[in-house]
Amino acid sequence: MWLHTSKRPVKVAVSDTLGGGSILQRYLTDAPAQHTAVGERFAQRRRHLQDQCADLPSYFGTQNSENAVKEHLTIDTKHNLVYCAIEKIGSTFWKRVYQILSGFKNVSDPFEIQGIRAYEGYLTAKGLPFDRIHYILKNSKKFMFVREPYERLLSGYVDKLFAPNAAYWAFIGTFITQTFRANATEEAKKCGHDVTFEEFVLYFIYSQHNNLRRDAHFVPNFEHCRPCEIDYEYIGKLETFKEDTLFLLKELQLDSEVRFTDFQTETERDAIVDAADYVYSMQKAITKCMSMHEALFRCYRKLQIRGIISTDVEYPFIREGERDISIEEYKRNLLTAHAHSGPPESRKSNRREAFIEAYSTLSADVLLKLTNELSVDAKLFDYELVPKAFEKIENYKPEFSFFHIHL
């Protein structure tokens with residue numbers, strides 16, 4: 001097996017040493033029992049993964065190449081840490097942490113670094129010789145984050161195809177419209193800017209089954225990190241991202257270098273700013289296929305789908321207007337909309353409703369094929385093979401549509 005460093009699972013040690021005046025210190029000071037519980041949860045996830053690896057003989061059926069896996073292994077030699085970065089699971093956040101740890105960025109709060117600037121300044125295993133990688137893995141603590149596979153697939157669609165993203169329209173969108181849409185218009189074939197979720201899922205099943213046109217943002221969790229061959233001491237989950245992150249920063253002794261003011265608030269503000277920065281950075285390419293007004297509205301919808309802006313807060317601009325909106329004005333209005341959206345708990349239903357709406361567009365046959373493609377992820381990381389939410393998708397009629405755009 002490739003880069004085998006497996007060991008028997010061990011109980012996660014919990015340190016009582018505290019440092020600094022960050023939210024991390026307050027979290028651990030106020031809830032040491034919770035910290036211990038999170039450590040036990042990490043240990044249970046590790047045991048579950050090792051048990052499943054032993055029971056899945058077809059695990060190697062479809063996997064990224066070794067070079068692709070190496071690109072995802074992010075290394076910090078100073079602290080002897082290896083993080084396997086998986087797209088759509090907080091990887092931008094952790095790459096910014098690595099920028100801080102490497103000294104590339106002279107800040108302590110990762111949210112002070114622009115999300116679109118988070119892709120340099122740290123070491124990966126790409127290009128390193130086998131013996132060097134083997135030594136690093138053997139002598140480092142290793143961690144990864146995973147996500148419920150159906151949620152991650154939908155998130156990839158929303159971020160890369162539904163929301164304005166000219167690069168993915170050109171690379172993936174055009175292939176989808178040309179291959180999976182009957183009677184596609186010449187504009188759709190050329191732009192790939194209006195791919196539906198059903199078309200996207202058909203593409204995903206095709207790409208996995210045929211090992212063609214695959215992309216890291218959609219490929220299942222397990223393929224990025226080889227978790228049955230590399231023994232990750234810590235497996236975090238996006239569903240418990242805040243708790244897992246705070247635990248890891250303390251457990252891996254990074255809390256003196258990485259600090260936050262308010263993790264939840266900074267996370268949501270960061271998502272808003274990053275979404276605005278990204279759409280304006282591609283404005284010239286986007287407007288070759290879509291008006292900027294529709295692009296900005298889709299960006300707003302993305303934030304509603306993510307549960308960052310409430311569906312009760314109206315889009316702050318006249319949708320059919322032709323007035324140019326500056327990035328500063330756009331950000332300011334998004335942040336205001338967020339401020340009027342209530343607490344995070346009141347917005348959780350956004351994600352659930354968007355999930356049901358999207359998957360209700362798929363036929364039973366397509367859902368069955370999709371379940372087969374996502375089954376390894378579900379088994380390895382202890383998720384439902386078929387989400388319980390699917391019980392609600394038959395004849396589903398949403399009161400609020402996240403995906404139908406009417407300008």
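Shown above is the structure to which this text applies.
Model, not experiment: these values are computed from the prediction.

Colleague: What should I look at first to understand helix α15 (residues 327–339) in this one?
Modeller: Side chains three or four residues apart in an α-helix point the same way, a direct result of the helix having 3.6 residues per turn. The end-to-end C-alpha distance of α15, which contains 13 residues, comes to 18 Å, matching closely the 18 Å that a straight helix rising 1.5 Å per residue would cover. Buried within α15 we find Glu329, Tyr330, Leu334, Ala337 and His338. Considering only its buried residues, α15 is in contact with α12 (263–281) and α14 (292–305).

Colleague: Is there a simple way to explain the pattern of salt bridges in this structure?
Modeller: Side chains that differ in sign of charge can pair as their charged atoms come close. Taken as a whole and judged by the stated rule, the model has 22 salt bridges. Between arginine 41 and glutamate 243 there is a salt bridge, and its shortest N-O distance comes to 2.9 Å. Of this pair, arginine 41 sits in helix α2 (residues 32–55) while glutamate 243 is found in helix α11 (residues 241–251), placing the two residues 202 residues apart along the sequence. Residue arginine 41 is classed as partly exposed on the basis of its relative accessible area of 25%. Given a relative accessible area of 24%, glutamate 243 falls into the partly exposed group. A salt bridge links lysine 189 to glutamate 186; the nearest nitrogen and oxygen atoms lie 3.8 Å apart. Of this pair, lysine 189 and glutamate 186 both sit in helix α8 (residues 186–191), three residues apart, which is roughly one turn of that helix. Within the structure, one salt-bridge network assembled from shared partners comprises Arg41, Arg45, Glu243 and Asp244.

Colleague: When you look at the packing of helix α6 (residues 149–162) against α14 in this model, what are you seeing that I'm missing?
Modeller: Relative orientation and spacing of two packed helices are given, respectively, by the angle between their axes and the distance between those axes. Contact geometry of α6 with α14 gives a least axis separation of 10 Å together with a crossing angle of 170 degrees. Our classification of the angle between α6 and α14 gives roughly antiparallel. Judged by residue contacts, Val158, Asp159 and Phe162 of α6 engage Arg298, Arg301, Lys302 and Ile305 from α14.

Procedures and definitions
- Within any chain, residue numbers begin from 1 and follow the written order of that chain's sequence.
- Residue-level local features of this predicted model are given only where pLDDT is at least 70; pairs of side-chain atoms are given and counted only at 80 or more, and the full residue set underlies all totals for whole chains, interfaces and linings.
- Side-chain measures were taken over the full set of non-hydrogen atoms in the model, leaving aside hydrogen atoms and water.
- Counting from the N terminus, the helices are the DSSP runs of H or I reaching at least four residues and the strands are the DSSP runs of E reaching at least two.
- Multiply 1.5 Å by the residue count of a helix minus one, and that product is the helix's expected span.
- With a 1.4 Å probe rolled over the protein chains alone, any residue whose accessible area is under 20% of its type maximum counts as buried; one over 50% counts as exposed, and the rest are partly exposed.
- Contacts are assigned to residue pairs with any non-hydrogen atoms lying within 4.5 Å of each other.
- Any carboxyl oxygen of Asp or Glu within 4 Å of a side-chain nitrogen of Lys or Arg constitutes a salt bridge here.
- For helices, the fitted axis covers only the stretch in contact; all axes are lines through C-alpha atoms, and the angles between them, taken along N-to-C directions, range from 0 to 180 degrees.
- Put simply, angles under 35 degrees are roughly parallel, angles over 145 are roughly antiparallel, angles from 65 to 115 are roughly perpendicular, and the rest are oblique.

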